[in-house]
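Results of the structural survey
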Amino acid sequence: MCAGSALRQEHGQQYRQEYRRCLERELRRGRPGPCSDPSFGQRLRQQLRREPALLGTLQEDGPALLARGLRGRPDPVPALHGLACAFQLLELAAANLYLCPWRREFRTVQTFSGAYVHLLRPALPEADLLRSFGRLGYEQHDRHRLTISQLPPMPELVAAACGFFACQLECEILAELVQRLRPRRLRPEELLEARRVAGDADTCVEMLQQLGTQRQADADCGDDVDLYLETPASPEDTRGEHTAPPALWRDPGSPWDVPGRGWDRCGDGECGQELLPSTGNPELDTSSSRLFLEQELSGAEDSPLTIPQEAPVLPCYQLHSCLRPGSLPSYCCRTCQQLHASACAAGQLCRSQHHGQELHGERQQRLWLQRTAVDMLLADTAG
């Protein structure tokens, strides 16, 4: 176990113990129920703001519950409010069983009740609700009732209640981040990924602000220049030369061979020759394609192409997992030697910590994509 994970486990144990003491204080005051100590809630909230990974320590499936609860929601704020209410009810159920396990009314949950139908079911999938109640010892008795089959040990009930309380606080933190970024509307998966990668809440806001600025810049710098083919102005300009593009060098097994619109196609027609090497032609000089791409990518388009006797060793670039077939990169990290999409949270970290360049315009983006495809094909061939 790494030092950071061990420290989180220690913090998690401390918060569970403090949460248990809070429950017992409320019971002595004659007010059994969830922890209502504002100082404890504020301390846990501040720790979660700095260290979102603590949520997974307090509630193992907490991040997954949040992700599934937000999936498909166009606006995360109402969904986060609904999730916070659902986690509050789950915390209440766990606290009731810990403080008053003898009370018969706490041993059955009616799935047709107003709270279950209007607060729990709209917030979380039914399977997640059954698993969450299962942690508290509930099993589905019939279509309308969950009943306690065997009460879990008391420490497990305290841990569950504290975990649901932490999930509620995380929902409030995420809603606050979304409000700070208004009027921009965030996709839930984008928000959760930035929260996971950035860690600190303020850093998360800065990352998402930079991402929004970068997207706007990408939209403003669109480039309609053809990637490969410089089309003559008229048939006379060809001066009798053969103008048909050479046969495309395509590897049928390549992941870039996308039906209908590959990396070598623009719109409805073929744009010109592809720069990918043919893995089936051992006599093809792939170094010339690599050098041509390197000159194009570095901006030296006006200089004549000269191939030295000994080709220099060029860095081997890879595609980050954020890039899906059919999408173009917007950033090239020269430190990691990876291409990133505009919405990639890891790419935002590269922008702030590594050396690289923004890829403006479709021509430059496609050239980098082709160059990286060459690198990956060469690496596969060498392997």
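Note on numbering: residues in each chain are counted from 1, in written sequence order. The predicted nature of this model means local features are confined to residues of pLDDT at least 70 and side-chain atom pairs, given and counted, to a pLDDT of 80 or more, with totals for whole chains, interfaces and linings taken over all residues. The side-chain values count all of the structure's non-hydrogen atoms but skip hydrogen atoms and water molecules.

**Considering the pairing of strand β3 (residues 145-148)**
Strand pairing is assigned whenever DSSP identifies at least 2 bridges connecting the two strands. Numbering of helices and strands runs from the N terminus, with a helix taken as a DSSP run of H or I at least four residues long and a strand as a DSSP run of E at least two residues long. One ladder, built from three bridges, connects strand β1 (residues 108-110) with β3; its direction is antiparallel. In the strand pairing of β3, V109 is matched with L146. Examined bridge by bridge, strand β2 (residues 138-142) and β3 share four bridges and lie antiparallel to one another. Note on β3: the bridge partner recorded for Q140 is L146. Where β2 hands over to β3, the hairpin turn is made up of two residues, counted between the paired strands.

**Thoughts on the sheet that holds β1**
Pairing within the open sheet is antiparallel, and its three strands lie in the order β1-β3-β2. Two strands in the sheet have a free side with no partner beyond their single neighbour: β1 and β2. Neighbour-to-neighbour, the strand axes of the sheet open up by a mean angle of 30°, direction not taken into account. Sitting on the sheet, helix α7 (residues 126-135) touches β1, β2 and β3, and the angle it makes with β2 is about 120°. Structural elements are reduced to axes, namely lines fitted to C-alpha atoms, with helices fitted over the stretch in contact, and the angle between N-to-C directions of any two is expressed from 0 to 180 degrees. We call two residues contacting when some pair of their heavy atoms lies within 4.5 Å.

**What about helix α8 (residues 154-180)?**
By this rule the span expected of a helix is its residue count minus one, scaled by 1.5 Å. Between its first and last C-alpha atoms α8 spans 40 Å; for 27 residues at 1.5 Å apiece the expected length is 39 Å, and the two agree. For every residue, the accessible area (1.4 Å probe, protein chains only) is compared with the maximum for its type, and the residue is labelled buried under 20%, exposed over 50%, or partly exposed between those bounds. Burial runs high along α8: 20 of the 27 residues are buried.

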